[in-house]
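Geometric and topological summary
In case you want the letters, here they are:
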4 protein chains.
Amino acid sequence: MFSFQTTVKLHNTDSAGLLFFAHQFKMAHDAYESWLDSIGLGFAKLFAERDFLLPIVHAEADFKTALAVGDRLTIELSVEEIGNSSFTLAYDIRTADDVVAGTAKTVHVCLDKVNRGSMPLPDDLRDALSQL
Amino acid sequence: MFSFQTTVKLHNTDSAGLLFFAHQFKMAHDAYESWLDSIGLGFAKLFAERDFLLPIVHAEADFKTALAVGDRLTIELSVEEIGNSSFTLAYDIRTADDVVAGTAKTVHVCLDKVNRGSMPLPDDLRDALSQL
Amino acid sequence: MFSFQTTVKLHNTDSAGLLFFAHQFKMAHDAYESWLDSIGLGFAKLFAERDFLLPIVHAEADFKTALAVGDRLTIELSVEEIGNSSFTLAYDIRTADDVVAGTAKTVHVCLDKVNRGSMPLPDDLRDALSQL
Amino acid sequence: MFSFQTTVKLHNTDSAGLLFFAHQFKMAHDAYESWLDSIGLGFAKLFAERDFLLPIVHAEADFKTALAVGDRLTIELSVEEIGNSSFTLAYDIRTADDVVAGTAKTVHVCLDKVNRGSMPLPDDLRDALSQL
């Protein structure tokens, strides 16, 4: 499991006074980016040095508790499934009171950067996922 | 069914060169807002004059075809389910070539603005949904 | 002058109940993108076929009147200055009542895509700017 | 001076491969929000307990160096001017190599929440600004 700290910023909210739902996906992705960085596979490196891309083919989220500007959140990232050329990540979004305010899932496929066909997950990514 | 036209803007893309996934949810919500306007229930009016809110409790999307800056899209909004105090909307995102590049769903609950408990869908909203 | 129609969407507002200031820059850029499309120099084409980039080196905006969700806006794009390898665009953001709710400016330089040095504006872009 | 750490996220970039200019304003505002929190005047508190708002009436930014996904930034917030009912903040955006990649300014006015007219800066905010 990987933990990521963030805070609901004013531009994450809307005039209903709460987090705009699509921003929960952004915050989940921020946690994913931070994890990629932590395993030496940050996007800057992926784009410059590696032969695969990891596009998201499915995403979903549940919104359980209203979140507002200034709320301090911990996003816990875990792996739900590792396939041959795909993987599924799960996110728990916890408030400072340790309430799960929301959850999310993202399904990623590994694509060959040149021909855009699916390819097996590279070993270093597979290893990192299996330890998540 | 309600149709909404939009174009992928530069700020909807990321440095992988394609639409950032969370922005598909934003574009779907833009279509929903446009439909609310068309039935006389735009958010400005809801916030000012009505006693209910319609927060999203679940959202999901599939990403089938890569979308890039400048792509002209038609988002077709339809209703999938109408409950007593909730409803589910479905979105097909079609390219200029009429390919379904992606889909989305959002589940909304009707909450009393004051006590934040669920309440039955108001009649005008229920009628408009049943005609969607 | 080029006119662009847009509507303040829920995700353009924040929990102060009004347009979040940075989104005025996004909306101005949407107008600029639409103008580029209209002169046959949309970003998809620029990225695929041309040898220059047009990064923004300065941007500024004034916020005169509060804007809220659902407000219908007309953004009027005009050119303020055309240099050898740069140009300045000006934006007036008008409400449905024809009030200038805000203004913006963006200064763009023309960079060679390969060596990233400045280069003279290409003739077709210069011509289009001079007619704006 | 107040320092704020951030990282360029994928959704801050666009398909030109670099930071989308408007997101520099968002990141500057994130620094401002973090400073407000640090002086006990975070937006959640302002909205719930105080009688003033601090809308931005002018914003500007210079973009000196291209920023890309994964770049770790330090935003240094300082005060440029304190008026009777307004103040101007300045932001230096520094890379990990201590290069100023960009700058920004925001001008804020203090408005009475009820009648929306300008009002003198409250003492605690003025004191905090004078120590910035």
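Each remark here, short or long, concerns the structure printed above.
How each quantity is defined
Residues numbered from 1 in each chain as written. Chains lettered and ligands numbered in written order. Predicted model: local features only at pLDDT ≥ 70, side-chain atom pairs only at ≥ 80, totals over all residues. Heavy atoms only, no water. Least-squares fit on C-alpha atoms with pLDDT ≥ 70 in both. Contact = heavy atoms within 4.5 Å. Salt bridge = Lys/Arg side-chain N within 4 Å of Asp/Glu carboxyl O. Helix = DSSP H or I, 4+ residues; strand = E, 2+ residues; numbered from the N terminus. Buried < 20%, exposed > 50% of the residue type's maximum accessible area, 1.4 Å probe, protein only. Axes fitted to C-alpha atoms, helices over the stretch in contact; angles between N-to-C directions. Parallel < 35°, antiparallel > 145°, perpendicular 65-115°, else oblique. Nonpolar A, V, L, I, M, F, W, Y, C, P; charged D, E, K, R; others polar. Buried area = accessible area lost by both parts, 1.4 Å probe. Pairing = 2+ DSSP bridges. Phe/Tyr/Trp six-rings, centres within 6.5 Å; stacked < 30°, edge-to-face > 60°.

1. Side note on the relation of the copies chain B and chain A
These two copies of the chain differ by a rotation about an axis and a displacement along the same axis. Here chain B sits on chain A after a turn of 180° about the axis and a move of 0.0 Å along it, with an RMSD of 0.0 Å. Between the two chains, the operation in question is that of a two-fold axis. Relative to the rotation axis, the C-alpha of B:Glu60 is the closest in chain B, positioned 2.0 Å from it. In this assembly the copies share their binding face: 100% of the residues contributing to the interface of chain B also contribute to that of chain A.

2. A word on the pattern of salt bridges
On inspection of all chains with the given rule, the structure shows 23 salt bridges over all chains. A:Arg50 serves as the salt-bridge partner of A:Asp124, at 2.8 Å between the closest nitrogen and oxygen. You can see A:Asp124 sitting in helix 3 (residues 123-130) and its partner A:Arg50 sitting in the loop between helix 2 (43-49) and strand 2 (52-53), a full 74 residues away along the chain. Residue class for A:Asp124 comes out partly exposed when judged on its relative accessible area of 35%. According to the relative accessible area criterion, A:Arg50 is partly exposed, its value standing at 23%. Measuring nitrogen to oxygen at the nearest pair gives 3.0 Å for the salt bridge that ties B:Glu76 to B:Arg94. Residue B:Glu76 is located in strand 4 (residues 72-82), and its partner B:Arg94 is located in strand 5 (residues 86-95); the two are separated by 18 residues in the primary sequence. Here the two residues B:Glu76 and B:Arg94 agree in accessibility, since each one is buried.

3. Notes on the packing of helix 1 (residues 21-38) of chain A against helix 1 (residues 21-38) of chain B
Packing of helix 1 of chain A against helix 1 of chain B brings their axes to within 9 Å, and their N-to-C directions diverge by 180°. Taken together, the axes of helix 1 of chain A and helix 1 of chain B are roughly antiparallel relative to one another. Residue-level contacts link A:Phe21, A:Ala22, A:His23, A:Phe25, A:Lys26 and A:His29 of helix 1 of chain A to B:Phe21, B:Ala22, B:His23, B:Phe25, B:Lys26 and B:His29 of helix 1 of chain B. Tallied by class, the residues present in the contact of helix 1 of chain A with helix 1 of chain B amount to 6 nonpolar, 4 polar and 2 charged.

4. Examining the interface of chain B and chain A
Opposite the 21 residues of chain B that make contact, chain A presents 21 residues. Between chain B and chain A the total buried area reaches about 1,800 Å² when both faces are included, carbon and sulfur atoms providing 68% of it. Considering only the surface of chain B that becomes buried against chain A, B:Phe21, B:Phe25 and B:Phe63 emerge as the three largest contributors, covering 26% of it. Where chain B packs against chain A, one counts 0 salt bridges. Of all the secondary-structure elements, those providing two or more residues to the side of chain B that touches chain A are helix 1 and strand 3 (56-63) of chain B. Of the residues forming the side of chain B that touches chain A, the biggest block, 8 residues, is contributed by strand 3 of chain B. Class assignment for the residues of the side of chain B that touches chain A results in 12 nonpolar, 5 polar and 4 charged. In this sheet, strand 3 of chain B lies alongside strand 3 (residues 56-63) of chain A in antiparallel orientation, the contact comprising 5 bridges.

5. Regarding the sheet that holds strand 6 (residues 100-109) of chain B
With respect to topology, 10 strands assemble into an open sheet ordered 1(A)-4(A)-5(A)-6(A)-3(A)-3(B)-6(B)-5(B)-4(B)-1(B), the strand pairing being antiparallel. Where the open sheet ends on each side, the last strands, each with one partner, are strand 1 (2-7) of chain A together with strand 1 (2-7) of chain B. Between one strand axis and the next, the sheet turns through 20° on average, direction left out of account. As defined by bridge partners, strand 1 of chain B adjoins strand 4 of chain B across 6 bridges and the pair is classed as antiparallel. Within strand 4 of chain B, the position partnered with B:Phe2 by the bridge is B:Leu77. Lying over the sheet, helix 3 (residues 123-130) of chain B contacts strand 4 and strand 5 of chain B, oriented at roughly 115° with respect to strand 4 of chain B.

6. A look at the sheet that holds strand 3 (residues 56-63) of chain C
Read from one edge of the open sheet, 10 strands run 1(C)-4(C)-5(C)-6(C)-3(C)-3(D)-6(D)-5(D)-4(D)-1(D), paired in antiparallel fashion. Two strands in the sheet have a free side with no partner beyond their single neighbour: strand 1 (2-7) of chain C together with strand 1 (2-7) of chain D. Adjacent strand axes in the sheet meet at a mean angle of 20°, parallel and antiparallel pairs treated alike. Pairing of strand 3 of chain C with strand 6 (residues 100-109) of chain C, which is carried by 7 bridges, proceeds in the antiparallel orientation. In the strand pairing of strand 6 of chain C, C:Phe63 is matched with C:Gly102. Contacts from helix 3 (residues 123-130) of chain C reach strand 4 (72-82) and strand 5 (86-95) of chain C, with the element oriented near 115° to strand 4 of chain C.

7. Section: the relation of the copies chain B and chain D
Overlaying chain B on chain D yields an RMSD of 0.0 Å, the required transformation being a rotation through 180° with an accompanying axial translation of 0.0 Å. Same-surface contact between copies: 100% of interface residues of chain B are shared with the interface of chain D.

8. What to know about the side chain of C:Asn12
All names here are of chain C. For Asn12, the location among the structural elements is in the loop between strand 1 and helix 1 (21-38). The class of Asn12 is buried, set by a relative accessible area of 8%. Residues in contact with Asn12, not counting those within four places in the same chain, are Thr7, Leu18, Leu19, Phe20 and His23.

9. Some remarks on the packing of aromatic side chains
A complete count under the given rule lists 26 aromatic pairs over all chains for this structure. Judged by centre distance (6.5 Å) and plane angle (75°), the rings of B:Phe25 and B:Phe63 are edge-to-face. Of this pair, B:Phe25 sits in helix 1 while B:Phe63 sits in strand 3, and the two are 38 residues apart along the sequence. B:Phe25 gets classed as buried once you look at its relative accessible area, which sits at 1%. A ring pair is formed by C:Phe21 and D:Phe25, whose centres lie 6.0 Å apart and whose planes are at 85°; its orientation type is edge-to-face. With C:Phe21 in helix 1 and D:Phe25 in helix 1 (residues 21-38), this pair bridges two chains. Here C:Phe21 falls in the buried class, since its relative accessible area comes to 6%. Ring pairing ties together the aromatic residues A:Phe20, A:Phe21, A:Phe25, A:Phe63, B:Phe20, B:Phe21, B:Phe25 and B:Phe63, which thus form one cluster.

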